[in-house]
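# Structural description and commentary
Given next are the chains, with one letter for each unit.
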Amino acid sequence: MNNTDTILGMLLSTGRWPVSAIAGVAAALAAVGSGDVSSSKLISLFLGMWLVTMSGFVWNDIYDADMDRQAGKMRPIASGELSPQFAAFATVVACLFALVLTLSTFGASATLVLICTMAALLLYSPFGRVHPLVKPIWVGALCMSPFALSSVALDLAPDATILGLGFLFIVTRELLIDLQDAESDRDWGVWTIDQLLDPKFLEYTCWGALVLIPTLGALMASGIWSTALLTASALANAIAFKIYLAEPGRGLLLTRLGMLFAVVAISISLS
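Below, the structure is looked at part by part. Just so we're clear, the structure is a prediction, and the values are computed from it rather than from any experiment.

A word on the overall build of the chain. Across its full length, the chain holds 14 helices and 0 strands. Its helices and strands in sequence order give the chain the pattern α-α-α-α-α-α-α-α-α-α-α-α-α-α, from N to C terminus. What you see for the chain is a C-alpha radius of gyration of 18 Å, in line with the 18 Å of a compact globule of 271 residues. With the C-alpha coordinates of the chain rotated into their principal frame, the extents come out at 50 × 45 × 30 Å. Within the span of the chain, comprising 271 residues, buried residues form 49% of the whole. Accessible surface for the chain amounts to roughly 12400 Å². Of this, 69% is attributable to carbon and sulfur atoms.

Below is the structure:
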């Protein structure tokens, strides 16, 4: 997965494939929850969202290469291991494949959702540089795109309450992640919300919300599986916080598990 000489290898090494896979799983599971489980639809939903999300991470790395170098984040593009030209070419190929697959499986409306997602991902970094205070909201909206794709592709009706809580969950997690980059952001003159509030207050507020939000979702969810998954998300985040107090990096990494439980719960709540 560290080979950057091929298009797939580049995406796997640079596109944060585990996080991107969560987006793909979220889109595909809606088909399972709705009972529409044909293999072609599952594959199209997963691959389309997975490839587009990985491409978004690559575009972000291209745009932020100088900042990453200064912050000591020697990702493949920032370190010079991967040329930005090849990275950009590979993402174009991946996105075209995703669009063709989605168009052939679901038609024009679902393809338009994927195109809008691509545009939002491409604009994320320059928008975040100009308007850093609202960047977490942009991320939260982007993370709702798998559910938008599934809803349009499969003609499903999302649960607005569960979606709203999912949006707040992602925004909160993004604020916590931004807190780790506050010093390098300040060096670049990028003022985010974590620099306007007391860091400890924001830190503990975010962790409390990461446990409280899925707990509220579990209380409001109508299905047994959604309730169980949201409860598991709250427990995973509580454990992640305990680990975070001793090892911040590992604790933040574990929030991905809580996020996975939450997005699966949202996916199966679509009907």
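Here the narrative resumes.
On to the packing of aromatic side chains, then. Under the definition given, this model contains 5 aromatic pairs. A ring pair is formed by Y204 and F241, whose centres lie 5.8 Å apart and whose planes are at 75°; its orientation type is edge-to-face. Of this pair, Y204 sits in helix α12 (residues 199–220) while F241 sits in helix α13 (residues 224–246), and the two are 37 residues apart along the sequence. Since its relative accessible area comes to 22%, F241 is described here as partly exposed. Clustering of aromatic rings is evident, with ring pairs tying together Y204, W207, F241 and Y244.

This paragraph deals with the packing of helix α2 (residues 17–34) against helix α3 (residues 39–63). Following both chains from N to C, one finds α2 and α3 inclined at 155°, their axes separated by 7 Å at the closest point. The orientation of α2 relative to α3 falls into the category roughly antiparallel. Relative to α3, α2 is oriented so that their crossing is right-handed. Where α2 abuts α3, its residues W17, V19, S20, A21, A23, G24, V25, A27, A28, A31 and V32 lie against L42, L45, F46, M49, W50, T53, M54 and F57. Class assignment of the residues belonging to the contact of α2 with α3 gives a composition of 16 nonpolar, 3 polar and no charged.

Interhelical geometry of helix α7 (residues 108–130) versus helix α9 (residues 145–154) gives an angle of 165° and a closest axis separation of 8 Å. Taken together, the axes of α7 and α9 lie roughly antiparallel to each other. Here α7 and α9 pass one another in a crossing that is right-handed. Packed against α7, whose contacting residues are S109, A110, V113, L114 and T117, the element α9 presents S145, A148, L149, V152 and A153 at the interface. Here the contact of α7 with α9 is built from residues that sort into 7 nonpolar, 3 polar and no charged.

This brings us to helix α1 (residues 7–14). Think of an α-helix as 3.6 residues a turn; residues three or four steps apart then line up on the same face. Among the residues of α1, G9, M10, L11, L12 and T14 are the ones counted as buried. For α1, the secondary structure elements touched by its buried residues are α2, α3, α5 (76–79) and α6 (84–106). After α1 finishes, the residue R16 shows a positive phi value of roughly 45°.

Bringing a nonpolar patch on the surface into the picture now. A contiguous nonpolar surface patch, about 410 Å² in accessible area, is contributed by L212, L216, L219 and M220. Within the fold, L216 resides in helix α12. Taking relative accessible area as the criterion, L216 reaches 32% and is therefore assigned partly exposed.

Here the idea is plain: a probe the size of a water molecule rolls over the atoms and shows the empty space left. Going through the model one piece at a time under the given rule, you end up with 2 cavities of 30 Å³ or more. If you add up the space inside the largest cavity, you get close to 80 Å³. Surrounding the largest cavity, I162, L165, G166, F169, I213, P214, G217, L230, A262 and I266 form its lining. Residue assignment for the lining of the largest cavity shows that the elements contributing at least two residues are α10 (160–180), α12 and α14 (248–269). The leading source of residues in the lining of the largest cavity is α10, at 4 residues. Looking at the lining of the largest cavity residue by residue, the classes come out as 8 nonpolar, 2 polar and no charged. Of the volumes computed, that of the second largest cavity is approximately 50 Å³.

Cut-offs and rules
Residues numbered from 1 in each chain as written. Predicted model: local features only at pLDDT ≥ 70, side-chain atom pairs only at ≥ 80, totals over all residues. Heavy atoms only, no water. Helix = DSSP H or I, 4+ residues; strand = E, 2+ residues; numbered from the N terminus. Rg over C-alpha atoms; globule rule 2.2 N^0.38 Å. Buried < 20%, exposed > 50% of the residue type's maximum accessible area, 1.4 Å probe, protein only. Areas by Shrake-Rupley, 256 points an atom, 1.4 Å probe, with all protein chains shown as cover. Phe/Tyr/Trp six-rings, centres within 6.5 Å; stacked < 30°, edge-to-face > 60°. Axes fitted to C-alpha atoms, helices over the stretch in contact; angles between N-to-C directions. Parallel < 35°, antiparallel > 145°, perpendicular 65-115°, else oblique. Left-handed = near helix turned anticlockwise from the far one by under 90°. Contact = heavy atoms within 4.5 Å. Nonpolar A, V, L, I, M, F, W, Y, C, P; charged D, E, K, R; others polar. Patch = residues over 30% accessible without salt bridge, like charges linked within 9 Å, V, L, I, M, F, W, Y side chains within 5 Å. Salt bridge = Lys/Arg side-chain N within 4 Å of Asp/Glu carboxyl O. 1 Å grid on protein atoms, 1.4 Å probe; cavity = no way out; pocket = protein on both sides within 12 Å on 5 of 7 lines; lining within 4 Å. Points joined across faces, edges and corners; volume = space filled by probe spheres on them.

Function cannot be inferred from these measures alone, as they are strictly geometric.
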